[in-house]
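Take a look at the letters that make up each chain.
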Amino acid sequence: MDLEMFWALVERSGRETSDLQERTDWLIDALAGYEAGDIVDFQLHVDALRDRADSYRMWGAAWLICGGLCDDDGFWYFQAWLIGQGRKVFEAVAADPDALADVPAVRELAGRDNGDWDEAEWPDWESLDDVAEDAYEEATDGDLERVLLDRGHEFRLSPKPSDVSWDFEDDEEMERRYPRLTKIF
């Protein structure tokens, strides 16, 4: 599975339904019909895209949007949500996290207390982590994690940014880094 096929599947799941659990189920069912190698490739694409979004630069933007409620798990699920927004949004935001200010799902949250957000509105997609693993097991009765480890691929379950962190509670720094996001949050 090349990157084009990966994005086509992810984007089609979003056209099929906006409910993230239904998207997950749809992707698992669709992916289980692919060859085992394609399912492995799907997970490798997810991991490679996560690597591109796994930075304190991105984490700060997620933290700002979520009103400070963005711990390790929250940021990990935010990365998956970002992938779920599709290629065009992902590429724009990976290049400049402040571009999240242009994402309709983010704009809908702006100006609202996160305590009033519906569970489905939170920018996270926890179950994306289950897609390839469940599809692989369904298609082969095998263990995807074992296959990835045998290939020397690190099977991560949490963020590991490599850039330099800063204090997300420093309002001046956040405004400097995210002028458009700080304007709406």
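As shown above, the structure is provided for reference.
Conventions we followed
- Residues numbered from 1 in each chain as written.
- Predicted model: local features only at pLDDT ≥ 70, side-chain atom pairs only at ≥ 80, totals over all residues.
- Heavy atoms only, no water.
- Helix = DSSP H or I, 4+ residues; strand = E, 2+ residues; numbered from the N terminus.
- Polar contact = N/O pair within 3.5 Å; in protein donor to acceptor, adjacent residues only side chain to side chain.
- Contact = heavy atoms within 4.5 Å.
- Expected span 1.5 Å × (residues − 1).
- Buried < 20%, exposed > 50% of the residue type's maximum accessible area, 1.4 Å probe, protein only.
- Arc of directions from axis to C-beta.

S.K.: Help me understand the side chain of arginine 156 in this model?
M.R.: With respect to the secondary-structure elements, arginine 156 resides in the loop between helix 9 (144-150) and helix 10 (171-177). A polar contact of 2.7 Å, which involves the side chain of arginine 156, links it to the side chain of aspartate 54. Side-chain polar atoms of arginine 156 contact the backbone oxygen of serine 158, separated by 3.4 Å. Setting aside residues no more than four positions away along its own chain, arginine 156 makes contact with Asp51, Asp54 and Trp76.

S.K.: I keep staring at helix 1 (residues 3-16) and nothing clicks. Help me out?
M.R.: The periodicity of an α-helix, 3.6 residues per turn, causes residues three or four positions apart to be oriented the same way. Between its first and last C-alpha, helix 1 extends 20 Å over 14 residues, near the 20 Å set by a 1.5 Å rise per residue. Listing the buried residues of helix 1 in full gives Phe6, Trp7, Leu9, Val10 and Ser13. For helix 1, the buried positions fall inside an angular range of 160 degrees around the axis, keeping them on one side. Relative to its buried face, helix 1 has exposed residues pointing more than 90 degrees away, namely Glu4 and Arg15. Where helix 1 is buried, its residues meet helix 2 (20-32), helix 3 (36-53), helix 5 (72-84) and helix 6 (87-95). Of the residues that open helix 1, the one with a side-chain oxygen 3.2 Å from the backbone nitrogen of glutamate 4 is aspartate 2.

S.K.: Before we go on, may I ask you to explain the side chain of aspartate 54 in this structure?
M.R.: Tracing the backbone through its elements, the reader meets aspartate 54 in the loop between helix 3 and helix 4 (56-65). There is a polar contact of 2.7 Å between the side chain of aspartate 54 and the backbone nitrogen of lysine 160. Not counting chain neighbours up to four residues away, the residues in contact with aspartate 54 comprise Phe75, Gln79, Arg156, Pro159, Lys160, Pro161 and Ser162.

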